[in-house]
Structure formats: C-alpha cells, structure tokens
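# Structural features, examined
Below, each chain spelled out in residue letters.
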Amino acid sequence: KEMKKKLILAYLVCFGICGLFADNDDLLNGLDAYSRGNWSVAIKSFEQALTALPNDRIEALYWLVMSETSAQNYRRALVYADAFLEAAPEDERAAEVSYQKGRLLHLSGRYETSSDTFYRFIEKYPDHPKIPSAYYWIGENLYAAGKYAEARKIFNEVVVNYPQSGKVNEARYKIVLIDQQSVREELLRIANEAQAASARAEKASEAAALKSDEAELPVVDDSATLEEQKRDEYFADRLTAVEKKLDEISATLSRIAEEQENRRMQEQQQALEQQQKAEQLQKEQEEAEQLQLERRRQELTELKERTQTLEKLYEQRMKGAK
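Counting starts from 1 at the beginning of each chain's written sequence and moves along it residue by residue. Whole-chain, interface and lining totals are the exception, using all residues; otherwise, since this is a predicted model, local features are given only for residues with pLDDT of at least 70 and side-chain atom pairs are given and counted only at 80 or more. Here the side-chain values reflect all heavy atoms present in the structure, with hydrogen atoms and water set aside.

## Observations concerning unusual backbone geometry
With a phi angle near 65 degrees, Gln-72 is a residue other than glycine that sits in the positive phi range. Only runs of H or I of at least four residues qualify as helices and only runs of E of at least two qualify as strands under DSSP, and these elements are numbered from the N terminus. With respect to the helices, strands and loops of the structure, Gln-72 is situated in the loop between α4 (57-70) and α5 (74-87).

## Things to note about the pattern of salt bridges
Salt bridges are identified by distance alone: a Lys or Arg side-chain nitrogen within 4 Å of an Asp or Glu carboxyl oxygen. Tallied over the full model, the rule gives 11 salt bridges. The partner of Glu-68 in a salt bridge is Arg-76, and the shortest N-O contact between them spans 2.9 Å. A salt bridge links Asp-179 to Arg-152; the shortest N-O distance between them is 2.8 Å. One end of the pair, Asp-179, is in helix α10 (residues 168-215); the other, Arg-152, is in helix α9 (residues 148-161), and 27 residues separate them in sequence. Exposure classes here rest on a 1.4 Å probe applied to the protein chains alone. A residue is buried below 20% of its type maximum, exposed above 50%, and partly exposed in between. Given the relative accessible area of 9%, Asp-179 is considered buried. Through salt bridges with shared partners, a single ionic network connects Glu-47, Glu-68 and Arg-76.

## Some points on the environment of Arg-75
Turning to its location among the elements, Arg-75 is positioned in helix α5. Of the residues examined, Arg-75 reaches a relative accessible area of 72% and is grouped as exposed. Through-space distance from the C-alpha of Arg-75 to that of Leu-104 is 7.7 Å; in sequence the pair is 29 residues apart.

## What about the confidence of the model for the protein chain?
Per-residue confidence from the predictor is reported as pLDDT, which spans 0 to 100. Counting all residues, the mean pLDDT for the protein chain is 82, and 84% of those residues have values of 70 or more. Segment residues 15-23: pLDDT under 50, and eight contacts once partners within four positions in sequence are set aside and those in other chains are kept. By definition in these notes, contact holds between two residues if any of their heavy atoms fall within 4.5 Å.

## Quick word on α9
Compared with an ideal rise of 1.5 Å per residue, which puts 14 residues at 20 Å, α9 spans 20 Å between its outermost C-alpha atoms and is within 8% of the ideal. Those residues of α9 that fall on the buried side of the exposure criterion are Ala-151, Ile-154, Phe-155, Val-158 and Val-159. Projected down its long axis, α9 carries its buried residues within an arc of 145 degrees, all on one side. The exposed set on the far side of α9, more than 90 degrees from its buried face, consists of Ala-149, Lys-153 and Val-160. To estimate how far a helix should reach, multiply one less than its number of residues by 1.5 Å. For this quantity, the arc is that covered by the directions from the helix axis to the C-beta atoms.

Laid out in structure tokens, this is it:
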C-alpha cells in the first residue's frame, strides 16, 4: 500500500509540474480515487479520460487495467490490457501489463492461455523482476488443470532457481499439497493392493486345503509362506517410502513456518527501527526548537540588559543637563 501511494504521488507531482492535464482533470481524479482504493470512481474517471483527450489514451488504458483488476472485473481488465498492448507495445509499462494479462487469464479460468502468455512474457522480458512470479503462476495453471506432476516441477523450479523470490514459500506450500495428495493416493493403492493380495492368498490357501483333504494329505505349502513373506516385505518397503515422504513434508512445513516467523520478526524489527528513528528525529527537532527558544530567551535577556544600560546612561545625562 505504501508503494502504491508513493507511485500515485509521483504521478500526481509529475502531472502537476508538466501541466499535462490542464484541459482534463479526469486522470487526476482517477489517480486520486485509485490511491484511496475507490475503484468504481477511479474506473469512471479513467473511462472519461479515455474518450476525452486522445493524448491521454495510453495513460488511461494502463490505469483502467490496474483499476479493473483491483475491482476484480477480470474480463473488462483483459479487454483494456489487450487494448494497451496493441496501442503501446513498446511502452515501458508493457511488461507489467503483459504480466497482469497472464494473471487475469488465470483468474478467468483460462489456464492454458494464461501459461502461454506467461511463457511469452518470460521470453520477451527475461530480466524482469517478476519472472519468478510468472513461473509460479504457470505452476498454478497446471495445478488448477489437475496436472500435479508438471505443476510440482514448476513450483520446484521457483524454489531452486529463485530462492530470494517472494513466491518461494507459496511454491513450497503448493509442493506440500501435491505431495500430501500423492501420499494419500499411495496409501489408498497400498490398502487396495494389500486387500486384493490377502483375498488371493486366502483363496489359494482354501484351494490347497481342499486338495489336501481330497488326497488325505497334511497341508504343507512352503511356496505360499515364501510368497506371503515377499508380499509383506513389498508392502513394508512402500510404507517406509511413504513415511519418508511424510517426514519430508513435515520438514518443509516447519521450514515454511520458520521463515514466516523470521519474516514477521524482521518486519517487527524494521517497524521498531523506523519508530525509533521517528522518535529520535522528533526528539532532535524538539531539542533544536528548545535550543532555539533558549537562544531567543538569551538574546531577549541581553537586549533587556542593553536597554537598561541605555536607560541608565540616558538618566545620567539628563541629571547632568540639569
């Protein structure tokens, strides 16, 4: 929010100095409404600016994209994003609009088109600071489409290749969700396979017992015992693998929680430092004001003393004159 206010302030100052809107206040009104989070008023003002002055069309289109997105009017925001990119493909904000278009397509449920848009964004702006976020949203598209294995690869790429990105913990959490689902599915498969194997073994045992009864021979089936041991070892290995995966999930969740706590503590520390700086600045200002006041008092005292001296000299002269 603070960054948004600074951005709006910069625009207002720039526009005020340059006098770009001498004949049209709609953009200024829109920017003011946008900075206050009043999306409906902002959109109305930018729409009026869009049709009022042709020279302001690109500016109005950009802020309509941002305003409609903030208001969650994703389809309208997409229309304005396409209009902006068509009208000003080389504008310095075209990269941001391209990125927002990918998000808007995702939020509209158009996952494949969204991924295509993000891949083009990555190809065209490889050094853009939102590249990690673009990969993250590609992962979200795959996740939403049920392509969990592919999504996991993308989320892992964010974690491994962009460790300083703000999307790392979100990517880790998505990996946890995918792995948890994988564990549930694996446990269900193990249970079904174990039940089926037990049923087959029981039938085989019954058949062997029946055959033995018919031949009036004792039941001795070493092959069945060996098969049962192999089956138990097989399921035990799979359960061990599941347990290992659960340990990894638990470790990842702990890491996410720890990093979130560290971030919270850092933010608190930064807030405390800012508060201390503000208090120190205020204290210095108060001390400066107090010092200035003391100087004025001293000057006043000196002035009074000089006045009294002059009065005495004047009285002495008057007495001498008499």
